[in-house]
Amino acid sequence: MAQTTHIQPQEIETPPSYLAAGLTTLGVFILYLLTLAPSTAMWDTSEYIAAAYTLGLPHPPGNPFFVLIGRVFSLLPIAPGVATRINILAAFCSALAAGAWFLITERVLTGWFPLRWQRIVGGVLAALLGATAFTVWNQSVVNEKVYTVSLAFFAIVAWLSVRWADAPHGRKADRILVLISYLLGLGYANHPAGFLVGPAVAVVVLARRWDTILRWKMWLACAGALVLGMSVFATQPIRAALFPPINEGEPTACTNGPEWGCTFSKLTYDRFMYNFNREQYGKPALSDRQAPFTAQVDMWWTYFRWQWMRDSRDANQAAQTALAVAFLLLGLLGGWVHYTRDRRSFWFFGPLIFTVTLALIYYMNFKYGYSQAPELGQSVPREVRDRDYFYLWSYSAWAVWAALGLIWVWETVAAAFGSDRVRVGADTIEKPRRQSLVLASPILIIALIPLLANWTSASRAGQTDTRDFAADLLNSVEPYGVLVTVGDNDTVPLWYAQEVEGIRRDVTVANTSLLNTDWYVRQLVRRPVYTYDAAKGPKVYASQQWTKPATGPLNMTIAEADAVPLVADVPQAALFTAGNVRAIITPRQLTRADILVLRMIKDAAGTVRPIYFSRTSGGYASELGMGQYTLTQGLAKKLVNGEIRPTRDTIAIGGEGFLDVQRTKILWDSVFQATKSIARRTDWVDQPSVGIPYLYVSTGAILSEALQKTGEPQEAQRVMNEARAVAKATRLDDLLQRIEAPQEQVNPFANDTAGRVEIPLAPKTAPPTVPKSSGKP
């Protein structure tokens, strides 16, 4: 290769190609719109869409800036549905980030390529790689978290920092630093990751104009801008005191709306800081490593491999690993080229990459990833889901260095076809001829690989199954029922369905994880009883009039709710009764959630309010000694007031218990929507949530078995075929063969010698103001 004399970047004053950056941003935005989810999705998507729509508070720290901007997008007439509008927000923010990567890459290439078109090629490569990395793309087509908004702040601040590094003594330099400080604060009000870019800003300021730290007026201006950006958090106690439907953490001491005294009380401050610091999740100290650091780096590498080809079924692991190694090497090469050819911007971007890779890995301190090192099984502690989205900034920013590395390879290969000596300013350099660059251009096709390899797995176009599942689960519950759920995916989609689309708001969703917190219990006490809309409800409930309960599911005051203990010991077997339900509580430690579920069952006895357990709750009803009183109806199990006797329509199914055949068949045939929407899929990429499609496969299998037993073989075959379609679409075919063998039904009252130990359904001792519970990292 010919020796090249490089141009010093400071000798070139070339305005950024904003038009090309804008067109690139538009192209990425169109890509995201083509693959955009029309509705909600699993995990936190429903929570954030519902919180934005209702101006509520999602889980701590509450993300107030996202809620405000999400509310604005929910009102814009840019799409027919609220969910689609907020998903467009995610797409728009990620497209902005791609435009910023374009500008940064083009800026680095300014002292390298004298011709603008060459620099534009580099910018497009960076934008394309950053936009089509799997996690970035998958998060950009549905608002699953607040991370795409955070990514936009991250990239914009990165671009401003690079511009500042060009002229740290320039006329606009101080104003740029103040703007950066404001965006850091505003970004933090969206998510704590808003500060991720901060360390790199500090390094470049010290490297390019160290005396900035001696200018106290500048310090005050930046600090004021930072606080101003973060001031959005002040909306939380005010909004929380208005008790929106999504009000997680409830950072207010007010009980009857916002008032001066309670808003500025110590209790409000304590609850706000508890939320702000995410203390609910009890994250361990950094010195208490949840997994070896090498394993945590391997977790990052596992997800890095996904970025360039998401092989959800591990069918092409060799190709996936080869691509990951190639893009890793391209990125490292790009980092070296960046250091040697544009030291000024490197003093920002180098520390930035370090921050979002090794430093972030250390700080997050994750357990083993859900999909990491499968050969270790459950012998190591694991995250409940894959956490690749926490490294969104890492994989997106890596695209800049990968693009620089690819440009270097392009130039090197082109030089082999011929180059010329070119004078630029005072320098004479060797540059490949235009024809040589054209001949070498096929090497750039590498940047298209993630676009082609990730399209199927990253796209969410046409997916409505999460919304449909939520409607199906709610419609499995009779009017005014209480539905006990246990996790994210059987709860937050229901919040979305109820609060955004108005589906079955008469149903009270009681999540056992959240019942262990005081704020959630207060919300259940306050929640009004919504009138059942028979005109919009399923026809299966049209045959009778449903009486609206006079009170909520928890018949207690706020003070009584706050006083429910976190735990209560049951030292010996105890008898719990509610109407004709007689349940043996085995010796155990009851959590607050257990106590409150028992209290709701007790309060519902003798009333018109039915109690249901979502089938996603597994054996929770049996853990409370009530398994023999539950009757499966669709996707839920109804708690029946008395002994269940088999009839033609009430069939005992091995491993499942009693099934209401007719109700479940009607729900399956004329109410359920997700059986069809899931069957339209070609895969279910997110394996941690695969229990949702499996629930439909299981429901179809047990209904088919029951129909066989009732002498309806053709109907049984039809239902089984529909269950197979769901299994095939989500690649759960093998699970169809795993129908549990019949199990002996045990009567727990055969030797009813349980002591009459009191179950502590009434409060005895007051717990801490804001109790801890397990939750989302």
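Residues numbered from 1 in each chain as written. Predicted model: local features only at pLDDT ≥ 70, side-chain atom pairs only at ≥ 80, totals over all residues. Heavy atoms only, no water.

> How should the overall build of the chain be read in this particular structure?
Each helix and strand in the chain was counted, giving 29 helices and 13 strands. On C-alpha atoms alone, the chain measures out to a radius of gyration of 29 Å, which is about the 28 Å that the 2.2 N^0.38 rule sets for 777 residues. Here the chain holds 777 residues, and 59% of them are scored as buried. Excluding contacts between residues fewer than 6 apart, the proportion of contacts in the chain whose partners are at least 24 apart in sequence is 75%. The distance from the centre of the 71 positive side-chain charges to the centre of the 61 negative ones in the chain is 6 Å. (Helix = DSSP H or I, 4+ residues; strand = E, 2+ residues; numbered from the N terminus. Rg over C-alpha atoms; globule rule 2.2 N^0.38 Å. Buried < 20%, exposed > 50% of the residue type's maximum accessible area, 1.4 Å probe, protein only. Contact = heavy atoms within 4.5 Å. Lys, Arg positive; Asp, Glu negative; His and termini not counted. Charge placed at Lys NZ, Arg CZ, Asp CG, Glu CD.)

> How do you make sense of the state of the cysteines when you look at a structure like this?
Two cysteines, two sulfur atoms, one covalent bond between them: this is a disulfide. Counted under the stated rule, the structure contains one disulfide. Here Cys 254 pairs with Cys 262 through a disulfide, and the sulfurs are 1.9 Å apart. Measuring handedness by torsion sign, the sulfur bridge of Cys 254 and Cys 262 sits at about 95° and is right-handed. Judged on exposure class, the residue Cys 254 and its partner Cys 262 are both buried. (Disulfide = S-S within 2.5 Å.)

> Hey, could you run me through the environment of Asp 683 in this one?
Structurally, Asp 683 is set in the loop between α27 (674-679) and α28 (691-709). Taking relative accessible area as the criterion, Asp 683 reaches 11% and is therefore assigned buried. In this structure Asp 683 touches Ser 312, Arg 313, Ala 729, Thr 730 and Arg 731, once residues within four positions along its chain are discounted. Reaching out from Asp 683, the side chain makes a polar contact with the side chain of Ser 312 at a distance of 2.7 Å. (Polar contact = N/O pair within 3.5 Å; in protein donor to acceptor, adjacent residues only side chain to side chain.)

> Can you help me understand empty space enclosed by the protein in this one?
Gaps left between atoms are located by rolling a probe of water-molecule size over the structure's atoms. If you walk through the whole model with that rule in mind, you get four cavities of 30 Å³ or more. The computed volume of the largest cavity comes to approximately 50 Å³. Lining the largest cavity are Tyr 480, Asp 506, Thr 508, Arg 527, Pro 528, Val 529, Tyr 530, Gly 552, Pro 553 and Arg 609. Residue classes in the lining of the largest cavity are distributed as five nonpolar, two polar and three charged. (1 Å grid on protein atoms, 1.4 Å probe; cavity = no way out; pocket = protein on both sides within 12 Å on 5 of 7 lines; lining within 4 Å. Points joined across faces, edges and corners; volume = space filled by probe spheres on them. Nonpolar A, V, L, I, M, F, W, Y, C, P; charged D, E, K, R; others polar.)

> Please clarify how the sheet that holds strand β4 (residues 508-511) should be interpreted in this entry.
What links the strands of a sheet is backbone hydrogen bonding, and the strands pair in either a parallel or an antiparallel sense. Sheet architecture is open: seven strands sit in the order β4-β3-β9-β11-β10-β13-β12, paired in mixed fashion. The open sheet has two edge strands with one neighbour each: β4 and β12 (650-653). For this sheet, the mean angle separating the axes of adjacent strands, direction not counted, is 35°. Pairing of strand β10 (residues 630-633) with strand β11 (residues 636-639), which is carried by four bridges, proceeds in the antiparallel orientation. By the bridge assignment, Gln 633 is partnered in β11 with Ala 636. (Pairing = 2+ DSSP bridges. Axes fitted to C-alpha atoms, helices over the stretch in contact; angles between N-to-C directions.)

> Sorry, what's going on with the packing of helix α4 (residues 82-108) against helix α17 (residues 392-416) here?
The angle between the axes and the distance between the axes are what describe a pair of packed helices. For the pair α4 and α17, the least separation of the axes is 10 Å and the interaxial angle reads 30°. Overall, the two elements α4 and α17 adopt an arrangement that is roughly parallel. When the axes of α4 and α17 are compared, the crossing they make is right-handed. On α17, the residues touching Trp 101, Ile 104, Thr 105 and Val 108 of α4 are Ser 396, Ala 397, Val 400 and Leu 404. A breakdown of the residues in the contact of α4 with α17 according to their chemical character gives six nonpolar, two polar and no charged. (Parallel < 35°, antiparallel > 145°, perpendicular 65-115°, else oblique. Left-handed = near helix turned anticlockwise from the far one by under 90°.)

> It is not clear to me how helix α16 (residues 343-364) should be interpreted in this structure. Could you clarify?
Because the α-helix completes a turn every 3.6 residues, residues three or four places apart line up on one side. End to end, α16 covers 30 Å across 22 residues, agreeing with the expected 32 Å (1.5 Å per residue, within 8%). Approximately 35° is the largest bend angle found in α16, and it occurs at Thr 355. Downstream of α16 by one or two residues, Asn 365 has phi in the positive range, about 50°. (Expected span 1.5 Å × (residues − 1). Bend = angle between axes of the 7 residues up to and from the residue.)

> When you look at the layout of surface pockets in this model, what are you seeing that I'm missing?
In this structure, the second largest pocket spans a volume of roughly 600 Å³. As for the second largest pocket, its lining consists of 32 residues, and the residues nearest its centre are Ser 457, Arg 460, Gln 463, Arg 681 and Val 685. Ranked by residues supplied to the lining of the second largest pocket, first place goes to helix α6 (residues 134-140) with four residues. Here the residues of the lining of the second largest pocket are counted per class, giving nine nonpolar, 12 polar and 11 charged.

> Would you mind showing me how to read unusual backbone geometry here?
Note on backbone geometry: most residues besides glycine have negative phi, and most peptide bonds are trans. Look at the link from Pro 60 to Pro 61: it is a cis peptide, with omega at 10°. Mapped onto the secondary structure, Pro 61 falls in the loop between α2 (45-54) and α3 (64-75). Unlike most non-glycine residues, Arg 504 shows phi in positive territory, near 50°. Notably, Arg 731 is not glycine yet its phi reads approximately 60°, a positive angle. Among the structural elements, Arg 731 can be located in the segment after α29 (713-729).

> Is there a simple way to think about a nonpolar patch on the surface in this case?
A cluster of nonpolar side chains, namely Leu 19, Leu 23, Leu 26, Ile 30, Leu 34 and Trp 455, defines an oily patch on the protein surface of about 630 Å² accessible area. By the secondary structure assignment, Ile 30 is in helix α1 (residues 18-34). (Patch = residues over 30% accessible without salt bridge, like charges linked within 9 Å, V, L, I, M, F, W, Y side chains within 5 Å. Areas by Shrake-Rupley, 256 points an atom, 1.4 Å probe, with all protein chains shown as cover. Salt bridge = Lys/Arg side-chain N within 4 Å of Asp/Glu carboxyl O.)

> When you look at the side chain of Asn 475 in this model, what are you seeing that I'm missing?
Structurally, Asn 475 is set in helix α20 (residues 465-475). Once you skip the residues sitting within four places of it in the chain, Asn 475 turns out to touch Arg 504, Pro 538, Tyr 541, Leu 667 and Val 671.

> Can you help me understand helix α24 (residues 592-604) in this one?
Across its 13 residues, α24 extends 18 Å between first and last C-alpha, which sits within 8% of the 18 Å expected from 1.5 Å per residue. Summarising burial for α24: 11 of the 13 residues are buried, a large majority. Here α24 has its buried residues at Arg 592, Ala 593, Asp 594, Ile 595, Leu 596, Val 597, Leu 598, Arg 599, Met 600, Ile 601 and Ala 604.

> I'm lost on the pairing of β12 in this one. Help?
For a regular strand, side chains alternate in direction, first toward one face of the sheet and then toward the other. Across four bridges, the pairing between β12 and strand β13 (residues 657-660) is antiparallel. Residue pairing in the sheet places Ile 653 in a bridge with Gly 657 of β13. Between β12 and β13, which pair antiparallel in sequence order, lie three residues; one of them, Gly 655, sits at a positive phi of approximately 80°.

> Got a minute to help me understand the environment of Leu 89 in this structure?
In this structure, Leu 89 sits in helix α4. Considering only alpha carbons, one finds Leu 89 and Val 203, 114 residues apart in sequence, at a separation of 32 Å.

> Help me out: how do you make sense of the pattern of salt bridges in this one?
It is possible for side chains of opposite charge to pair when their charged atoms get near one another. Summed over the entire model, instances satisfying the criterion amount to 39 salt bridges. When the shortest N-O distance is used, the salt bridge between Arg 344 and Asp 166 registers 3.6 Å. Pair noted here: Arg 344 is in helix α16 and Asp 166 is in helix α7 (residues 147-166), with a separation of 178 residues, a long-range link. With a closest N to O distance of 2.8 Å, Arg 522 and Asp 562 form a salt bridge.

> I keep staring at the packing of aromatic side chains and nothing clicks. Help me out?
We describe a pair of aromatic rings using the distance from one ring centre to the other and the angle between the two ring planes. Enumeration over the complete set of coordinates arrives at 48 aromatic pairs. Arranged with centres 6.5 Å apart and planes meeting at 85°, the rings of Tyr 18 and Trp 159 form a pair that is edge-to-face. One end of the pair, Tyr 18, is in helix α1; the other, Trp 159, is in helix α7, and 141 residues separate them in sequence. Take Tyr 18: its relative accessible area is 47%, and that puts it in the partly exposed class. Of the residues examined, Trp 159 reaches a relative accessible area of 10% and is grouped as buried. With a centroid separation of 5.8 Å and 25° between ring planes, the pair formed by Phe 272 and Phe 276 is classed as stacked. Residue Phe 272 and its partner Phe 276 are both found in helix α13 (residues 266-276); the two are separated by four residues, about one turn of the helix. Like Phe 276, Phe 272 is buried. (Phe/Tyr/Trp six-rings, centres within 6.5 Å; stacked < 30°, edge-to-face > 60°.)

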